[in-house]
Amino acid sequence: LRGTPEPVASVPGWLEARQGEPVRIVLPSHCTHTGLFDAKEAGLSAADAAGREALARARLMQIWGSEAEAWPLRSWAGATTHGACAWAQPQAQAWLEAARATGTRITSILPWWSVVLDELSVLEPRWGQDRRAALLLCEGDRALWLVVEDGEVISLRPRRLAEATFYEAASMSQSSRD
């Protein structure tokens, strides 16, 4: 990837070293939970960010319990599919407070898969031009089967792999095809 994110051992220390600078945080899969929902079924307009986030928060809390109530969360609206991504780490609030304390400007906090999609559209402009396209992304022992239709992410299927091998990931791609 262009501008590959650097792994960070101590986020508060990293933020302090960048005092006053704009930074973009890219989160690995184990730090996020993403949900998609049908826009028509949800009855929410593209302009209703508060409604999308309330629906996403309620769904997260059904799965993860009361701890999901405190997770920083952002949503997006698509033509047919809305989504939301939560930063599901206990230290999320501490990191945000460290950024405020050091004057570091967090310009964005993104799940890693969204950065890969952005990079892919630049590096391989033809990818995703078909009506429907799928991509298998692997990160250690985690994999994500992602489906794009008419330029919109319509399916995200995360899985933990029994083994972090090509063969395990390939078997996941075979079983995830729509």
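Quick note: structure is the one above.
Once a new chain begins, its residue numbering starts again from 1 and follows that chain's sequence as written. Per-residue local features of the predicted model are confined to residues with pLDDT of at least 70, and side-chain atom pairs are confined, for both listing and counting, to 80 or more; whole-chain, interface and lining totals are unaffected and use all residues. Computation of side-chain values: all heavy atoms of the structure, hydrogens and water removed.

Trainee: Describe in detail the side chain of histidine 82, supporting the description with residues and values.
Mentor: Relative to the helices and strands, histidine 82 is located in strand S4 (residues 81-87). Here glycine 78 takes part through its backbone nitrogen, which lies 3.4 Å from a polar atom of the side chain of histidine 82. Any two residues whose heavy atoms approach within 4.5 Å at even a single point are treated as in contact. If near-sequence neighbours (up to four positions away) are discounted, histidine 82 is found in contact with Gly35, Leu36, Phe37, Ala39, Leu44, Ser45, Ala46, Arg52, Trp76 and Ala77. Helix numbering and strand numbering both begin at the N terminus, where a helix is a DSSP run of H or I of at least 4 residues and a strand a DSSP run of E of at least 2. Polar contact criterion, stated in full: a pair of N or O atoms within 3.5 Å, where within protein one must be able to donate a hydrogen and the other to accept it, and residues adjacent in sequence count only if both atoms are side-chain atoms.

Trainee: For the nonpolar core, give the residues involved together with the corresponding values.
Mentor: Among the nonpolar cores identified, the biggest contains 13 residues, and Trp14, Leu15, Leu27 and Trp87 are the most heavily contacted of them. Secondary structure elements with two or more residues in this core: helix H1 (11-17), strand S1 (22-27) and helix H4 (92-102). Per-element tally for this core: the top contributor is H4, with five residues. Leaving out residues up to four positions away in the same chain, leucine 27 has contacts with Thr32, Trp87, Ile109, Leu110, Pro111 and Trp112. Grouping buried Ala, Val, Leu, Ile, Met, Phe, Trp, Tyr and Cys residues that are joined through side-chain atoms within 4.5 Å yields what is termed a nonpolar core. Per-residue accessibility, obtained with a 1.4 Å probe over protein chains only, is compared with the maximum for each type, and a residue is labelled buried under 20%, exposed over 50%, and partly exposed between these values.

Trainee: Explain the packing of aromatic side chains to me, and be specific about the residues and the numbers.
Mentor: Aromatic contacts are taken between Phe, Tyr and Trp rings whose centres are within 6.5 Å, Trp giving its six-membered ring; a plane angle under 30 degrees counts as stacked, one over 60 as edge-to-face, and the others as tilted. For the coordinates displayed, the defined rule picks out three aromatic pairs. Their ring planes at 45° and their centres at 5.4 Å tell us that tryptophan 87 and tryptophan 95 sit as a pair that is tilted. Here tryptophan 95 falls in the buried class, since its relative accessible area comes to 14%.

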